[in-house]
Amino acid sequence: MASIDALRHTTSLAESELLELYRRMVLLRTFDERAVVYQRQGRIGTYAIAWGHEAIQAGATFALGDDDWIFPSYREGAIGLVRGMPVETILQWWRGHPSGWWSPADWNIASICVPIATHVPHAAGLAWGKKLRGEKVVAMAFFGDGATSEGAFHEGVNFAAVMNAPAVFVCNNNQWAISTPIEAQTRAETLADKAVGYGIPGVRVDGLDVLAVHDAAREAVERARAGGGPTLIEAVHYRAAPHGTADDPRAYIDLARVEEERANECVGKYERFLRDAGLLNEQLVASMRSDAEDLMRAGIAAAEAEPPPEPELLFTRAYVDPPPNLRHG
Ligand SMILES: Cc1ncc(C[n+]2csc(CCOP(=O)(O)OP(=O)(O)O)c2C)c(N)n1
Ligand SMILES: [Mg+2]
């Protein structure tokens, strides 16, 4: 059983920070579970399920300062929650409502990236630009195992390495790219090994261990900020939920393995750890969960209270000079 002393050996975080990390995981988990329910009720559109990815998202971003930038993929669609982004903004994004398009500069969070890996060069470019301006800002990009087969991944990581840009590349290796397993994705023994080809450090961590993810991220962020260039972090776990609400993994996945993985999920794991260390009790767990549920209830109400967007919005930002046939009527 872990004691608080053992805990102190494994992390430099203070007790209040350990609890804040847990609160953020609960928030991300609650968002995810409620979002799936809202999608099933027809209240939001298709949704990429992040269940089981909370340790990676909360742990890695906890190493960032507010001026550092986050480049999320659709899997990290709710990551703005860790910076206090309103729930309704994120829900509106998934509802396809324009009020879900935040200005990246307001939160230092880039738009949610759906094309696989195209945000990796964006993160590299932002990190390089900040370096040129003499700002001590780090860019952290999140992407999946499948993204490592894309040209944009190679271009982005290589560019950041060559420019010694302050970037941290976090690969969420959930071992599936929709129905493509990791074995069909790469011949490399690990994804972290790919860092060798770029001449940068590559680290492999347990993606279900929030403290391990945080440790790796903190080291990478500190190195980047100190001028040591980028790091590739591979956080290994196993996708224990469908790819998204439109996916039925029963067609391709081993359900017994999924059950096993669900029993070992990261929020419960960290919760048990904190309870054993005497930092968390039933009451605190219940109050954090109910705070997160209240936020979700208020968020969906605020999102649904928003008037529908004007259809012309589709065109206003598409053309400087709209063609005559669009101006018509
Ligand atoms: C450029 C591009 N090609 C294909 C797709 C379709 N697509 C959506 S999700 C996905 C799988 C990505 O898997 P991975 O990178 O492992 O991320 P995960 O979904 O597992 O988090 C694919 C191929 C896409 N969105 N963009
Ligand atoms: Mg994947």
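Before reading on, note that the structure itself is shown above.
Residues numbered from 1 in each chain as written. Chains lettered and ligands numbered in written order. Predicted model: local features only at pLDDT ≥ 70, side-chain atom pairs only at ≥ 80, totals over all residues. Heavy atoms only, no water.

## Describing the coordination of the magnesium ion (ligand 2)
- Around the magnesium ion (ligand 2), the protein contributes the donor atoms D145 (OD), N174 (OD1) and W176 (O), at 2.1 Å from the metal centre.
- Mapped onto the sequence, the donors of the magnesium ion (ligand 2) take the spacing D-x28-N-x1-W. In this pair, D145 is assigned in the loop between β2 (139-144) and α7 (151-162) and N174 in the loop between β3 (167-173) and β4 (176-177), connecting sequence segments 29 residues apart. Accessibility assignment for this pair places D145 and N174 in one class, buried. (Donors = N, O, S within 2.8 Å, 3.2 Å for Na, K, Ca; no water. Helix = DSSP H or I, 4+ residues; strand = E, 2+ residues; numbered from the N terminus. Buried < 20%, exposed > 50% of the residue type's maximum accessible area, 1.4 Å probe, protein only.)

## Let's talk about the packing of helix α4 (residues 87-95) against helix α12 (residues 282-305)
- Across the interface, α4 lies against α12 with an axial gap of 8 Å and an inter-helix angle of 55 degrees. As summarised for this structure, α4 and α12 are arranged oblique, according to the angle between their axes. Crossing geometry of α4 relative to α12 is assigned as right-handed. Contacts from V87, E88, L91, Q92 and R95 in α4 reach L295, M296, G299, I300, A302, A303 and E304 in α12.
- The residue inventory of the contact of α4 with α12, partitioned by class, reads seven nonpolar, two polar and three charged. (Axes fitted to C-alpha atoms, helices over the stretch in contact; angles between N-to-C directions. Parallel < 35°, antiparallel > 145°, perpendicular 65-115°, else oblique. Left-handed = near helix turned anticlockwise from the far one by under 90°. Contact = heavy atoms within 4.5 Å. Nonpolar A, V, L, I, M, F, W, Y, C, P; charged D, E, K, R; others polar.)

## Concerning the site of ligand 1
- Taken together, 16 residues are adjacent to ligand 1, and Y74, R75, D145, G146 and W176 come closest.
- Within the contact set of ligand 1, an oxygen atom lies 2.8 Å away from a backbone nitrogen or oxygen of G146.
- Contact distances for ligand 1 include 3.4 Å between an oxygen atom and a side-chain N or O atom of H243. (Near = heavy atom within 4 Å. Polar contact = N/O pair within 3.5 Å; in protein donor to acceptor, adjacent residues only side chain to side chain.)

## Re the pattern of salt bridges
- In the structure shown here, the tally under the stated rule is 19 salt bridges.
- For R257, the salt bridge goes to E261, with nearest N and O atoms at 2.9 Å. Taken as a pair, R257 and E261 lie in helix α10 (residues 255-263) at a separation of four residues, close to a single helical turn.
- On the basis of relative accessible area, R257 is assigned to the partly exposed category, the value being 29%.
- E261 gets classed as buried once you look at its relative accessible area, which sits at 13%.
- Through salt bridges that share partners, E271, R275, E282 and R289 make up one connected network. (Salt bridge = Lys/Arg side-chain N within 4 Å of Asp/Glu carboxyl O.)

## Here's the deal with the side chain of H237
- Within the fold, H237 resides in the loop between β7 (231-236) and α10.
- Those residues within four positions of H237 in sequence are excluded, and the remaining contacts are G52, H53, I56, N172, N173, N174, Q175, G207 and L208.

## Let's talk about the environment of N172
- Mapped onto the elements, N172 comes out in strand β3.
- Between the C-alpha atoms of N172 and E219, which are 47 residues apart in sequence, the distance is 18 Å.
- Beyond its immediate stretch of four places on either side in the chain, N172 contacts H53, I56, R75, E76, F143, G144, D145, A235 and H237.
- A polar atom in the side chain of N172 sits 3.5 Å from the side chain of H53.
- A polar side-chain atom of N172 sits 2.8 Å from a polar atom in the side chain of H237.

## What to know about the side chain of R239
- In this structure, R239 sits in the loop between β7 and α10.
- Here I178 takes part through its backbone oxygen, which lies 3.0 Å from a polar atom of the side chain of R239.

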